[in-house]
Amino acid sequence: MKIRLFLFIFFTLFLAGCATVPLQQKEEVKPIFYPLPPDVPRIQFLTSFSGSQDIKEKKSRFASFIIGKDEEDLPIVKPYGLAIRGNKIYICDTALNTIIIIDMEKKSFRYFAPDGKGRLEEPINISVDKDGTKYVSDVLRGVVVIFNAANKFSGVLAKEGGMKPTDVAIGKERIYVTDLKSNKVRVWDKAKKKFLFAIPVENTKEAKLYSPVNIALDKEGNLYVSDMGAFRVQKYDREGKFIRSFGSLGDAPGQFARPKGIALDKEDRLYVVDAAAQLVQIFDPEGKLLLFFGESQEEKFILNLPAKIRINYSLLPYFQHFAAPSFELQYLIFVTSQYGSHKVSVFGFGRQRQ
């Protein structure tokens, strides 16, 4: 009886200690900071993940022998779009033609590949509303596919004559969709799903869009559009009137070769991914370049054909342990890379502790 009790206690305690923290560092590495020394660091590369084994808790060999092996690793193959809502991360994989759903609280990783009317043929970008409604821009189907909070198909946004939707952004009352076929941003009423108008509303050279690929909204409802064909980011007001441009063609700081994903933080600083330069540039609201990050350090390339960027404040507890002890994190920056070993890279914006 005592032997059985001892074995039961040992077995219970042993298994309790088998799980590891998700996204745990595999080895001690020197922290990577931006900007490069001797400038004061503001951004640290924290970690990256490229599949389910980077997220799920892992069992020891003994635990695997007793209760079975871990499930087969599910990879992230070619990510583009990314969205975050609550504790969940949503990734558009353009090679698998699926949405990857990661639950950081439950440490789960799964593929979402609906069929029927909600089928995904080439999902490139995704946005998730506050109520859990998901809007997926599918460039091959030529529509934005809509799923409710329970991931059930609930309709599409489509244009008569077709469109090529590359991104979707959700405002309080409106839905914004970039359309590469017409080189416009199409605007729908969110409640009625009724088309309203297209941006830009002005027929001027400075307002024109040549190849709109990604969009973002600031807290005032102004719209930012990365225009890959004009090598710049355009800013419009709520009614689609042109306000200003960020950047121009070139390889100097403040210029772009292939601008793609864009995002805004709470201070309305603009973050722009350059897929050709393989870095991210940050601008203040007036268009002044503040800093850039992601460039190689000691022949180490973190970003490899980067696509999407998202700013996040809610997931800090899951990544805090990656920060250097001397570095205080304020928020997170997620960047997808379509190639390389860092499919989703996580950076932390912060400051040196006093």
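Note that the coordinates shown come from a computational prediction; the quantities given were computed from them, not determined experimentally. (Residues numbered from 1 in each chain as written. Predicted model: local features only at pLDDT ≥ 70, side-chain atom pairs only at ≥ 80, totals over all residues. Heavy atoms only, no water.)

Moving on: the nonpolar core. Counting residues in hydrophobic clusters, the biggest one holds 25 residues, and the most contacted among them are F49, I89, I91, I102, F319, L332 and F334. Counting only elements with at least two residues in this core, the list comes to β2 (43-49), β3 (79-85), β4 (88-93), β5 (98-103), α3 (316-319), β24 (327-337) and β25 (344-352). Take this core: its biggest share by element is four residues, from β24. In terms of nonpolar packing, the next biggest core, distinct from the first, is built from 20 residues, F45, Y271, L303 and I309 among them. (Core = buried A, V, L, I, M, F, W, Y, C linked by side-chain atoms within 4.5 Å. Buried < 20%, exposed > 50% of the residue type's maximum accessible area, 1.4 Å probe, protein only. Helix = DSSP H or I, 4+ residues; strand = E, 2+ residues; numbered from the N terminus.)

Before going further, it helps to examine the pairing of strand β14 (residues 194-199). A regular strand places its side chains on the two faces of the sheet in alternate fashion. Taken together, the five bridges between strand β13 (residues 184-189) and β14 define a ladder with antiparallel strand orientation. Looking at the pairing, V185 lines up with I199 of β14. Between the antiparallel neighbours β13 and β14 lie four residues, among them K193 with a positive phi of about 55 degrees. (Pairing = 2+ DSSP bridges.)

This paragraph deals with the confidence of the model for the protein. Confidence in the prediction for the protein averages 90 pLDDT; 87% of positions are at 70 or higher. Note that pLDDT drops below 50 for residues 1-21; the model gives that stretch 15 contacts with residues more than four away or on any other chain. (pLDDT = per-residue confidence, 0-100. Contact = heavy atoms within 4.5 Å.)

Within the secondary structure, D274 sits in strand β20 (residues 270-274). One buried charge, D274, has no salt-bridge partner; the nearest side chain with opposite charge is R258, at 7.4 Å. A polar side-chain atom of D274 sits 2.8 Å from the main-chain amide nitrogen of A257. Polar side-chain contacts of D274 include one of 3.1 Å to the backbone nitrogen of A276. (Lys, Arg positive; Asp, Glu negative; His and termini not counted. Salt bridge = Lys/Arg side-chain N within 4 Å of Asp/Glu carboxyl O. Polar contact = N/O pair within 3.5 Å; in protein donor to acceptor, adjacent residues only side chain to side chain.)

This part is about the pattern of salt bridges. The tally for this structure, following the rule as stated, stands at seven salt bridges. Across the pair R269 and D265 runs a salt bridge, and its minimum N-O distance is 2.7 Å. Between R351 and E328 there is a salt bridge, with the nearest N and O atoms lying 3.6 Å from each other. Pair noted here: R351 is in strand β25 and E328 is in strand β24, with a separation of 23 residues, a long-range link. Taking the relative accessible area as the measure of exposure, E328 reaches 29% and is therefore partly exposed.

According to the stated counting rule, one finds 16 aromatic pairs in the structure shown. Members of the aromatic cluster, connected to one another through ring pairs, are Y34, F45, F293 and F347. The side chain of R186 reaches across the aromatic face of F195, ending 4.0 Å from its centre. In this structure, K266 packs its charged tip against the face of Y313, placed 4.1 Å from the ring centre. (Phe/Tyr/Trp six-rings, centres within 6.5 Å; stacked < 30°, edge-to-face > 60°. Lys NZ or Arg CZ within 6 Å of the ring centre and 35° of its normal.)

By the secondary structure assignment, I76 is in the loop between α2 (61-67) and β3. With a relative accessible area of 3%, I76 lands in the buried category. Sequence separation of I76 and T94 is 18 residues, and the distance between their C-alpha atoms is 9.8 Å. Setting aside anything within four residues of it in sequence, one finds I76 in contact with F49, S50, G51, I91, D93, I100, F109, K343 and V344.

Its location among the elements puts I55 in the loop between β2 and α2. I55 gets classed as buried once you look at its relative accessible area, which sits at 0%.

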